[in-house]
Amino acid sequence: MGSAKKDISAARQARIEAMRRAERSRERRNRILTITASTLVVAALVVGTVLLVRSQSDDTPSADAKTSGSFVTGSDGVRTWKGTLGRTHVTKTVSYPMEPPVGGDHNQVWMNCDGDVYTEALNNMNAVHSLEHGAVWVTYNSKAPKADVDALAAKVKKTPYTLMSPDDKQADPIVLTAWGHQRTVTGASDPNVDTFFQKYVQGEQTPEPGAACTGGLSK
C-alpha cells in the first residue's frame, strides 16, 4: 500500500515537473517573440525615418537646375541664354538663376498654355515645362499699367501656346519668355510683342514641338 502511494506521489511530482518545464519553455518562447517583435518595430521605425529624410531631401532646392551659362543680348533686344539648360523632370523644388526662368529642370506636369491667363503667380517648375512645349509666357509685376495687362491678356487669350501670369519677383514691369529666350517690352502696344510671339510661339527653339498645351495644370 505504501509502495503504491509512493508511486502515485512520484508520478504527480513528475507531472508537476513536466508542467513547470513546459511553462518555462512557454516563457522563453514568449520572451523571444517579444524581443523579435520589438526588433521588427525598431527596424520599421528606422526604415521609416530614412524614407522620411530622403523624402524631405527631395524637397530641398536644387542649386542650379542643371543650368550653366549667361544671357547674351542681341541687337533685337532679346536676351538669349548661352550655355546649358537642363530638361530633366524632377520632384524637387528647383531654384533658377533668372526670374522668370527661361528653362532648366522642371516638374513633369506643365501649366496649361492654350491662351491661358492666370491671375496668381505660377509655380516656375510647371511654367518652365510649358516653355519646353513651345509656349511664350507673358509675366508682369505690380508696376505694369492695368491697361497694358488687360490688353496683353486679350492677346494671350487669342493665341494658342501662350500663357500669362503675375510675377512680382521679376525686375521689369512686363517680360516675354520662351525656352532659352527673353525680352522686356514697354507695354502692350510695343511692336516687339508681336515680333516675339511670331518668332517664338512654337518657334525653332522649342525642345518638344507639337507637345500639348492642354491637359496639364490649370491652377
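Since the model is a prediction, treat every value here as computed from it, not as a measurement.

Rules used throughout
Residues numbered from 1 in each chain as written. Predicted model: local features only at pLDDT ≥ 70, side-chain atom pairs only at ≥ 80, totals over all residues. Heavy atoms only, no water. Pairing = 2+ DSSP bridges. Helix = DSSP H or I, 4+ residues; strand = E, 2+ residues; numbered from the N terminus. Buried < 20%, exposed > 50% of the residue type's maximum accessible area, 1.4 Å probe, protein only. Arc of directions from axis to C-beta. Polar contact = N/O pair within 3.5 Å; in protein donor to acceptor, adjacent residues only side chain to side chain. Axes fitted to C-alpha atoms, helices over the stretch in contact; angles between N-to-C directions. Parallel < 35°, antiparallel > 145°, perpendicular 65-115°, else oblique. Left-handed = near helix turned anticlockwise from the far one by under 90°. Contact = heavy atoms within 4.5 Å. Nonpolar A, V, L, I, M, F, W, Y, C, P; charged D, E, K, R; others polar.

Undergrad: Explain the pairing of strand β7 (residues 181–184) here, please?
TA: Looking along a regular strand, one sees side chains alternate from face to face of the sheet. Bridge count for strand β2 (residues 79–84) against β7 is two bridges, and the pairing is antiparallel. Bridge pairing in β7 links R79 to Q182. Looking at chain direction, strand β6 (residues 174–178) and β7 are connected through four bridges and run antiparallel. Of the residues in β7, the one forming a bridge with L176 is R183. As consecutive antiparallel partners, β6 and β7 are separated by two residues, and within that stretch G180 has a phi angle of approximately 80 degrees, a positive value.

Undergrad: Explanation requested: helix α4 (residues 191–200) in the structure shown.
TA: Because each turn of an α-helix spans 3.6 residues, side chains separated by three or four positions end up pointing in the same direction. Within α4 the residues assigned to the buried category are V193, F196, F197 and Y200. Taken around the axis of α4, the buried residues stretch over an arc of 100 degrees, which confines them to a single face. Turned more than 90 degrees off the buried face of α4, the exposed positions are P191 and Q198. Two or three places before N192, at the start of α4, stands the capping residue D190, its side-chain oxygen 2.8 Å from that residue's backbone nitrogen. In the segment just after α4, Q202 is the residue with positive phi, at about 55 degrees.

Undergrad: I'm lost on the pairing of strand β4 (residues 136–140) in this one. Help?
TA: The element β4 is largely enclosed, with a buried count of five among its five residues. Alternating positions in β4 separate into two faces, V136, V138 and Y140 on one and W137 and T139 on the other, with burial throughout. Relative to strand β5 (residues 162–166), β4 runs parallel, the two sharing five bridges. By the bridge assignment for β5, Y140 is matched with P166.

Undergrad: Before we go on, may I ask you to explain the packing of helix α3 (residues 146–157) against α4 in this structure?
TA: Each pair of packed helices can be summarised by the angle the axes make with each other and by the distance between the axes. It is at 13 Å that the axes of α3 and α4 come closest, and there the two elements cross at 25 degrees. As far as their axial angle goes, α4 and α3 are roughly parallel. As α3 runs across α4, the sense of the crossing is right-handed. In contact with L152, K155 and V156 of α3, α4 contributes V193, D194 and F197. A per-class count over the contact of α3 with α4 returns four nonpolar, no polar and two charged.

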